[in-house]
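Here is how the chains run, residue by residue.
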Amino acid sequence: MEDAKPKLAPATSLQDIISHAKEYGFVFPSSEIYDGLQAVYDYGQNGVELKNNLKSVWWKAMTQLHDNVVGIDASIFMHPLTWKASGHVDSFNDPMIDNKDSKKRYRADQLLELKAEEYAANGQPEKGHELLLEMARLLGENDLDGVRELIISEGIVDPISKTANWTEVRQFNLMFSTQVGSVAEDSSLIYLRPETAQGIFVNFLNVQKTGRMKIPFGIAQIGKAFRNEIVARQFTFRMREFEQMEMQFFVRPGTEMEWYEKWKEARLNFHKAVGLPAEKLKFHVHEKLAHYANAAVDIEYQFPFGFREMEGIHSRTDFDLKSHQELSRKKQQYFDNDLDENGKPFGNYIPYVVETSVGADRLFLAVFCNAFTEEVVGEGETQKTRTYLKLHPALAPVKAAIFPLVRKDGLPEKAQQILKLLRSDFRVIYEERDAIGKRYTRQDLIGTPFCIAVDYQTLEDDTVTIRHRDTTEQIRMPISELKQHIGQAVSMERILEQL
Ligand code: ATP
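Residues numbered from 1 in each chain as written. Predicted model: local features only at pLDDT ≥ 70, side-chain atom pairs only at ≥ 80, totals over all residues. Heavy atoms only, no water.

Draft legend 1. Region of interest: the overall build of the chain. A count of helical and extended segments in the chain gives 17 helices and 24 strands. Taken across its 499 residues, the chain has 49% of its residues classed as buried. In the chain, of all internal contacts separated by at least 6 residues, the share reaching a separation of at least 24 is 66%. Approximately 24200 Å² of the chain is accessible, and the part contributed by carbon and sulfur atoms is 49%. Computed over 62 positive and 74 negative side-chain charges, the separation of the two mean positions in the chain equals 3 Å. (Helix = DSSP H or I, 4+ residues; strand = E, 2+ residues; numbered from the N terminus. Buried < 20%, exposed > 50% of the residue type's maximum accessible area, 1.4 Å probe, protein only. Contact = heavy atoms within 4.5 Å. Areas by Shrake-Rupley, 256 points an atom, 1.4 Å probe, with all protein chains shown as cover. Lys, Arg positive; Asp, Glu negative; His and termini not counted. Charge placed at Lys NZ, Arg CZ, Asp CG, Glu CD.)

Draft legend 2. Representation of the UniProt feature "binding site: substrate" (unreviewed entry) in the chain. In the numbering used here, UniProt assigns the feature "binding site: substrate" (unreviewed entry) to Arg107, Glu195, Phe242, Glu243, Gln244, Met245, Glu246, Glu355, Thr356, Ser357, Val358 and Gly359. For the residues just named, distributed over 253 residues, the greatest C-alpha separation reaches 25.6 Å, placing them at more than one site. Along the chain, Thr356 falls in strand E17 (residues 352-359). Judged by relative accessible area, which is 0%, Thr356 ranks as buried. When sequence neighbours within four positions are dropped, the list of residues in contact with Thr356 reads Met62, Met245, Glu246, Met247, Trp263, Arg267, Glu311, Gly312 and Ile313. Tracing the backbone through its elements, the reader meets Ser357 in strand E17. Apart from residues no more than four positions distant in its own chain, Ser357 is found in contact with Gln244, Met245, Glu246, Met310, Glu311 and Gly312. Among the polar contacts listed, one links the side chain of Ser357 to the side chain of Glu246, at a separation of 2.6 Å. (UniProt positions renumbered as here; feature names shortened; annotations may be inferred. Polar contact = N/O pair within 3.5 Å; in protein donor to acceptor, adjacent residues only side chain to side chain.)

Draft legend 3. Layout of the pattern of salt bridges. By the definition in use, this model includes 38 salt bridges. With a shortest N-O distance of 3.6 Å, Lys115 and Glu118 are connected by a salt bridge. With a gap of three residues between them, Lys115 and Glu118 both fall in helix H5 (residues 108-121), about one helical turn apart. In this structure, the salt-bridge partner of Glu311 is Arg267, at a minimum N-O distance of 2.8 Å. One end of the pair, Glu311, is in strand E14 (residues 306-317); the other, Arg267, is in helix H10 (residues 256-273), and 44 residues separate them in sequence. Taken together, the shared-partner salt bridges connect Asp94, Arg107, Asp109, Glu229 and Arg238 into one network. (Salt bridge = Lys/Arg side-chain N within 4 Å of Asp/Glu carboxyl O.)

Draft legend 4. View of the domain arrangement of the chain. Here the chain is described as being made up of domain 1 (8-87 + 175-369), domain 2 (93-172) and domain 3 (391-496). Domain 2 and domain 3 are separated by 53 Å when their C-alpha centres are compared. (Domains from an automatic or database assignment.)

Draft legend 5. Here's a closer look at the packing of aromatic side chains. Inspection of the entire model under this criterion finds 18 aromatic pairs. Their ring planes at 45 degrees and their centres at 6.3 Å tell us that Trp58 and Trp59 sit as a pair that is tilted. A relative accessible area of 0% means that Trp58 is categorised as buried. By relative accessible area, Trp59 is classed as partly exposed at 30%. Members of the aromatic cluster, connected to one another through ring pairs, are Phe26, Tyr43, Phe364 and Phe368. Directly above the aromatic system of Phe346 lies the positively charged group of Arg252, at a separation of 3.7 Å from the ring centroid. It is Lys264 that lies over the ring of Phe283; its NZ or CZ is 4.9 Å from the centre. (Phe/Tyr/Trp six-rings, centres within 6.5 Å; stacked < 30°, edge-to-face > 60°. Lys NZ or Arg CZ within 6 Å of the ring centre and 35° of its normal.)

Draft legend 6. How the structure looks around helix H12 (residues 360-371). Compared with an ideal rise of 1.5 Å per residue, which puts 12 residues at 16 Å, H12 spans 16 Å between its outermost C-alpha atoms and is within 8% of the ideal. For H12, the tally of buried residues reaches 11 of 12 residues, placing the bulk of the element in the interior. Looking at H12, one finds that the buried residues are Ala360, Asp361, Arg362, Leu363, Phe364, Leu365, Ala366, Val367, Phe368, Cys369 and Ala371. (Expected span 1.5 Å × (residues − 1).)

Draft legend 7. Looking closely at the site of the ligand. Residues in close proximity to the ligand total 17 residues, the closest being Glu229, Arg238, Met239, Glu309 and Met310. Within the side chain of Glu229, an N or O atom sits 2.8 Å from a nitrogen atom of the ligand. The separation between an oxygen atom of the ligand and a polar main-chain atom of Met310 is 2.7 Å. Of all elements in the fold, only strand E11 (241-251), E14 and E17 reach the threshold of two or more residues within the shell around the ligand. When residues in the shell around the ligand are grouped by element, the largest group, five residues, is from E14. (Near = heavy atom within 4 Å.)

Draft legend 8. Molecular detail of a nonpolar patch on the surface. Residues Leu405, Tyr456 and Leu459 make up a contiguous nonpolar surface patch of about 250 Å² in total accessible area. Its location among the elements puts Leu405 in the loop between strand E20 (400-404) and helix H13 (411-422). (Patch = residues over 30% accessible without salt bridge, like charges linked within 9 Å, V, L, I, M, F, W, Y side chains within 5 Å.)

Draft legend 9. Expanded view of the sheet that holds strand E6 (residues 105-107). With antiparallel pairing, three strands are arranged side by side in an open sheet as E6-E5-E7. Each end of this open sheet is capped by a strand with a single partner; those strands are E6 and strand E7 (170-173). Put simply, the sheet's adjacent strands are angled 45 degrees from each other on average, direction ignored. Its contacts with the sheet place H5 against strand E5 (93-98) and E6, and it is angled at close to 65 degrees to E6. (Pairing = 2+ DSSP bridges. Axes fitted to C-alpha atoms, helices over the stretch in contact; angles between N-to-C directions.)

Right under this line is the structure:
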């Protein structure tokens, strides 16, 4: 019996992804004509559409599907005390270590994490677990010499020089700073925000009061964040300028674990709904908790370089609001007039916060990697590899491409009419160059779910062929049905209804 399923080509490497993203207008290195800037990337004509669609579906999932979640858009610059209160000035550090032979810099914690992964891969997960616990203990006590000794005793060598000629471990603050004010003497040091969350915390009461929000409620935001990452590699996975989609959910103290569990599930479902397969997603519970958290979990995705964090879900207690209250001397309390079990109002308190924080760029990368499909089609001499982006139609940059079969006899005009008919509803493009097969291939490569061909029969009976990207099947359809057929498939509803 012949296998009816298409055969998948060998596994995709990150390099295939980077090349495809660049060649088809998804992601370019920043300022490439000057040889680029490390860990900074630009989204091209197709990338921006895919990214905007992802941001839009996240925004809708958060603010439209929950009547107790609203959005804001806070500034990148914030009062410098914000970052004192949040703990970023004092402890937003990564431990770094240099190898004296290769002159390369590494994150000490990542070297140890890799070692733990190695243990797990060699059937010794317990040993890996112990190593992570020991690392968490040392970092928690800020025992940097201890971290260095651990690296050496584990026999960790530099992957380039292969030596263990390590410097001491130092802490490195990841925030970028700049000056505000035109005259040097008057200027003051401010930071580019390293997370969007603080813009939400400082607006907590503004939103609560003006929106008459009742706890539990959430505030969502999408925006740029900046971190001077020590080791920036793996494409858009770790950038120095990136975008976060965060939501802070304010709850009554004592109920935070219940909400933490709810948001964990809700966020995992979101990733499945945008098309990421369940087997490529997993939870990773933190061993080392950030200074603000009492519970934290990552949703990891299996990128071509392994399972890595895509989203963090943190129970942040009242840490942030409490420190803002202390430093600003402005009360950050909420009056809860719901009654407790004794029939008394819960009264004034500083809410606890459960946060969901996903990087738009990491989600983009996950969706892009997952969509990248190479299938071996045909037999014998006609066998070839078909490459296409199997994106959810609601996320695809272009929803339909319209082709006249030939560039004469009124077919281009007819195709242009269809373009006009569809373009106020969907992002559609017109394409008349090259043979039709080539035009189909070009659309496959950017993930366009539908290709509409106008031929001689169209002039007679107002029907076209519509080709579906994944099956390559073509069916004949009246022009009058196109809007509904495409609209059905590309609606964000197809994603949101799964949540
Ligand atoms: P990592 O351990 O990978 O450095 P993190 O735990 O510091 O990440 P968080 O502070 O929890 O990350 O930030 C929330 C989300 O923001 C992450 O899950 C990730 O998707 C995104 N993010 C963080 N740093 C970067 C970066 N340098 N480039 C792209 N996205 C990032």
